[in-house]
Amino acid sequence: MPEHPSPAAPKDPARAERTFVMVKPDGMRRGLAGKVLARYEEKGLKVVAARLMLISRDLAEKHYEEHKAKPFFPELVRFITSSPVLVLALEGRNAVQVVRSLNGATKPWEAAPGTIRGDFAIALTPNVVHASDSVPTAQRELALYFRDADYLEYSRTDEEYY
Ligand code: CMP
C-alpha cells in the first residue's frame, strides 16, 4: 500500500464505520461547533458529509420517534427545531463507540470531564450534541439526513495512523 493512498485507493472496511452526529441548537448558538468538530477530527474521525440546516417538525418527530411516548418529547422537538443545527457523517474505526465516548453521558452532570458534554454542557435537553447509539441507529439516522450523493471520498494526510 502506498504511503499516501490516493482518494481512489480501495477503502479499508475496518475504517469505514459511519456514525451520525448533530451539533444541537445550543451548540451552534453558543459558538461551540468548531471546538466540537475539532474533538472528532483530532481523534481521527473523518468528516464525509456535513450540512447546516433547520430541522422541520416532521423530521424532528421521525428522528426522535423512539421517544414519542416520553414526557420530554414535545420539548425535545421544540428545542431541536428552534434554530439551525450542524449535521455530520463521521467515518473511522469504531466510529459509533468513539463518538459516544467523546460526547460523554447524555446527562451532562454524569458526563466525565474531558468529554464534550462534561466540558460544555450542564442541562439535559440543550446538551450540545446528539450522536447515534448503535450501528443500526447510525444507518437509520444517516438516511434521514443524507443522500448517497452527499458523501464525499478523500484521504486525510494523517490517515496512515488510523
Ligand atoms: P439525545 O442524544 O439527542 O437523545 C434524546 C435527547 O432527549 C437527549 O439527547 C436529551 O437531550 C433529551 N432529553 C430530555 N429529557 C430527557 C430525559 N429525561 N432522559 C433522556 N434524554 C432526555
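Before any of the text, the structure's been laid out above.
Residues numbered from 1 in each chain as written. Predicted model: local features only at pLDDT ≥ 70, side-chain atom pairs only at ≥ 80, totals over all residues. Heavy atoms only, no water.

A.B. asks: Honestly, helix 5 (residues 95–103) in this entry has me stumped. Any pointers?
C.D. replies: Because each turn of an α-helix spans 3.6 residues, side chains separated by three or four positions end up pointing in the same direction. For helix 5, the complete set of buried residues consists of Ala95, Val96, Val98, Val99, Leu102 and Asn103. Looking down the long axis of helix 5, one finds its buried residues gathered within 170° of arc, a one-sided arrangement. Those residues of helix 5 hidden inside the fold are in contact with strand 1 (18–23), helix 2 (33–43), strand 3 (85–91), helix 6 (116–120), strand 4 (129–131) and helix 7 (135–145). Of the residues flanking the end of helix 5, it is Gly104, one or two places downstream, whose phi is positive at about 85°. (Buried < 20%, exposed > 50% of the residue type's maximum accessible area, 1.4 Å probe, protein only. Helix = DSSP H or I, 4+ residues; strand = E, 2+ residues; numbered from the N terminus. Arc of directions from axis to C-beta. Contact = heavy atoms within 4.5 Å.)

A.B. asks: It is not clear to me how the pattern of salt bridges should be interpreted in this structure. Could you clarify?
C.D. replies: Between side chains of opposite charge, pairing is possible as soon as their charged atoms come close. Following the criterion strictly, the structure yields ten salt bridges and no others. The salt bridge partner of Asp58 is Lys62, with a shortest N-O separation of 3.0 Å. Residue Asp58 and its partner Lys62 are located together in helix 3 (residues 57–63), separated by four residues, close to a single helical turn. Classification of Asp58 as partly exposed rests on a relative accessible area of 48%. Judged by its relative accessible area of 40%, Lys62 is partly exposed. (Salt bridge = Lys/Arg side-chain N within 4 Å of Asp/Glu carboxyl O.)

A.B. asks: Please explain the environment of Val47 as it appears in this structure.
C.D. replies: Residue position: Val47 is located in strand 2 (residues 46–53). C-alpha of Val47 to C-alpha of Ala33: the two residues are 14 residues apart in sequence and 13 Å apart in space. Ignoring any residue separated from it by four or fewer positions in sequence, one finds Val47 in contact with Leu37, Glu41, Leu88, Ala89, Leu90 and Tyr154.

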